[in-house]
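Single-letter residue listing:
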Amino acid sequence: MSLDWIYYAISWILLTWHSAWDAIGVPVDAVLGTNWSWILAIVFLVVTVRVILFPVFVKQIKSQRAMQALQPKVKELQEKHKGDRETLQKEMMELYRKEKANPLMGCLPMFLQIPVFLGLFHVLRRLDPAKEAKSLYGWTAEQFDSASSAKIFTAPIAGKFGSTADELARLGANGTTVKVIAGILVLVMMGTTYLTSRQMILKTGWAEDPQQRMIQRLMLYGIPLSLLVSGSIFPIGVIIYWVTNNLFTLGQQQWVLRKFPPLVTNKGVTGGKATTPGGRNPVQPAKSGGFLNRNKPVAQVPAKPAAPKVAGPKPGAKPVNPKKGPAKRQG
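One numbering rule holds for all chains: residues counted from 1, following each sequence as written. pLDDT decides what is reported in this predicted model: residues at 70 or higher carry local features, side-chain atom pairs at 80 or more are listed and counted, and totals for whole chains, interfaces and linings draw on all residues regardless. Each side-chain value is worked out from all heavy atoms of the structure, with water and hydrogens disregarded.

**Considering the packing of aromatic side chains**
Two aromatic rings, taken as a pair, are described by how far apart their centres are and by the angle between their planes. Put simply, the rule is: When two rings of Phe, Tyr or Trp (its six-membered ring) have centres within 6.5 Å they constitute a pair, described as stacked for plane angles under 30 degrees, edge-to-face for angles over 60, and tilted for the intermediate range. By definition here, charges over rings are those cases where NZ of Lys or CZ of Arg is within 6 Å of the ring centre and within 35 degrees of the ring normal.
On inspection of all chains with the given rule, the structure shows 13 aromatic pairs. Taken together through their ring pairs, the aromatic side chains of Phe117, Phe121, Phe234 and Trp242 make up a single cluster. Against the face of phenylalanine 57 rests arginine 50, its NZ or CZ located 6.0 Å from the ring centre. Above the plane of the ring of tryptophan 206 lies arginine 217, whose end atom (NZ or CZ) is 4.9 Å from the centre.

Right, here's the structure in full:
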């Protein structure tokens, strides 16, 4: 299957945004060693893709909520079919089908972005000034030459950490500069990738299902670590795309998690906040609102001890006057 339609689409979005920034007046020449019109074109490629995928992202959050709601039933099935993995998997698939919950929906936005990532990777690898075909995927020769010479802090966006000396010479780049800029961006890419997964897990909690928990661990640790190796073959422009995408995800997840807060269960709010068995927040000490006494609990006034109860007189007994002492005996 040909992927040319993806390359044409990515190229069209990049060139459209670059023309827009050029029309606004963003300098074409490098400022601080950076061609900002091309950097902004990559940044707004991310914005364009994420706006298109936003409904899918909301479905992802709703699907995760549905999976959380099913955790008690999943745990019951695990206890019921302990040791019978085949039956357990069959029963769980039936449960997901009946409740219309899809365990793979949590990864769908990432999977849908893979073609965009690969398309940008392919397009940026073409930015070689030595190539004669400069009009592929709708590019003009002028746009091709402009993009192939575009830099971020003097490192070309088509360069990569593992660029050969020959590739660097064709791009007119300094090898040390490219490695430093690419290395810093790879570390930022790893860090932001970790934070996006950590943000979601802290808000929604670890899954009870072993398969789901394994996927969470892979997202949290496996993918960031894999970027340490694969990042060396990514063009700098692709790393800029990835970092921008991660930052967009952090902001978007924060908004969506406020809009669709984590579920409250009898064990508490998923994510670690304690609650009472009824799902209500535990009673906290009252806090004063004064400027100097912020977050200090108000002193509690001790209750007065209750007066002891006095038993009433027995039936037939004479009333006793407490002010008079015992009568003196007559001598």
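**Examining helix α1 (residues 4-24)**
Filter applied, for reference: Per the convention used, a helix needs a DSSP run of H or I reaching at least four residues, while a strand needs a run of E reaching at least two, with both numbered from the N terminus. Expected helix span is computed as 1.5 Å times (number of residues minus one). Note on definitions: a residue-residue contact is assigned when non-hydrogen atoms from the two residues lie within 4.5 Å.
Over its 21 residues, α1 extends 30 Å from the first C-alpha to the last, a length consistent with the 30 Å expected when each residue adds 1.5 Å. Elements in contact with the buried residues of α1: α2 (36-69), α5 (108-125) and α6 (141-148). Residue glycine 25 follows α1 closely and has a positive phi angle near 120°.

**Observations concerning the pattern of salt bridges**
Selection rule: Here, a salt bridge means any side-chain nitrogen of Lys or Arg that lies within 4 Å of a carboxyl oxygen of Asp or Glu. In this scheme, a residue with accessible area under 20% of its type's maximum is buried, one over 50% is exposed, and one in between is partly exposed, where area comes from a 1.4 Å probe on protein chains only.
Enumeration according to the criterion identifies six salt bridges in this entry. Glutamate 94 is the partner of arginine 97 in a salt bridge, and the nearest nitrogen-oxygen pair spans 2.5 Å. With a gap of three residues between them, arginine 97 and glutamate 94 both fall in helix α4 (residues 85-99), about one helical turn apart. On the basis of relative accessibility, which here comes to 57%, the residue arginine 97 falls in the exposed class. Owing to a relative accessible area of 38%, glutamate 94 belongs among the partly exposed residues under this scheme. A salt bridge links arginine 170 to aspartate 166; its shortest N-O distance comes to 2.4 Å. Pair noted here: arginine 170 and aspartate 166 are both in helix α7 (residues 165-171), with a separation of four residues, about one helical turn. Residue classification places arginine 170 among the partly exposed positions, given a relative accessible area of 31%.

**Section: the packing of α1 against α5**
The condition that has to hold: Lines are fitted to the C-alpha atoms to define the axes, a helix being fitted only along its stretch in contact, and any angle between axes, read from their N-to-C directions, falls within 0 to 180 degrees. Roughly parallel means an angle under 35 degrees; roughly antiparallel means over 145; roughly perpendicular covers 65 to 115; every other angle is labelled oblique. Amino acid classes used here: Ala, Val, Leu, Ile, Met, Phe, Trp, Tyr, Cys and Pro are nonpolar; Asp, Glu, Lys and Arg are charged; the rest, including Gly, are polar.
For the pair α1 and α5, interaxial distance at closest approach is 9 Å and the crossing angle is 75°. With respect to each other, α1 and α5 are oriented roughly perpendicular. Residues Ile6, Tyr7, Ile10, Ser11 and Leu14 of α1 pack against Pro115, Val116, Leu118, Gly119, Leu120, His122 and Val123 of α5. Of the residues that constitute the contact of α1 with α5, the class distribution is nine nonpolar, three polar and no charged.

**Comments concerning α4**
Note that an α-helix has 3.6 residues per turn; residues three or four places apart therefore point the same way. Short version of the rule: By definition, the arc is the one covered by directions from the helix axis to the C-beta atoms.
Taking 1.5 Å as the rise per residue, α4 with 15 residues should run 21 Å; its terminal C-alpha atoms sit 21 Å apart, in good agreement. If you check which residues of α4 are buried, you get Leu88, Met92, Leu95 and Tyr96. Here the buried residues of α4 occupy an arc of 95° about the axis, which is enough to place them on one side. The outward face of α4, more than 90 degrees from its buried face, is lined by the exposed residues Glu86, Lys90, Arg97 and Lys98. Lysine 100 occupies a position one or two residues after α4 and carries a positive phi of about 55°.

**Concerning unusual backbone geometry**
For leucine 32, which is not a glycine, the phi torsion comes out positive at approximately 55°. Topologically, leucine 32 is positioned in the loop between α1 and α2. Phi at threonine 154 is positive, roughly 75°, even though this residue is not glycine. Residue position: threonine 154 is located in the loop between β1 (151-152) and β2 (155-156).

**Remarks on the packing of α1 against α2**
Test applied: By convention, the crossing between two helices is left-handed when the near helix turns anticlockwise from the far helix through less than a right angle, and right-handed when the turn is clockwise.
In the contact formed by α1 and α2, the axes pass within 8 Å of each other and the chain directions differ by 125°. Taken together, the axes of α1 and α2 are oblique relative to one another. For the pair α1 and α2, the sense of crossing is right-handed. Residues Ile10, Ile13, Leu14, Leu15, Trp17, His18 and Trp21 of α1 form the contact with α2, whose own contacting residues are Ser37, Trp38, Leu40, Ala41, Ile42, Phe44, Leu45 and Thr48. Partitioned by chemical class, the residues of the contact of α1 with α2 number 12 nonpolar, three polar and no charged.

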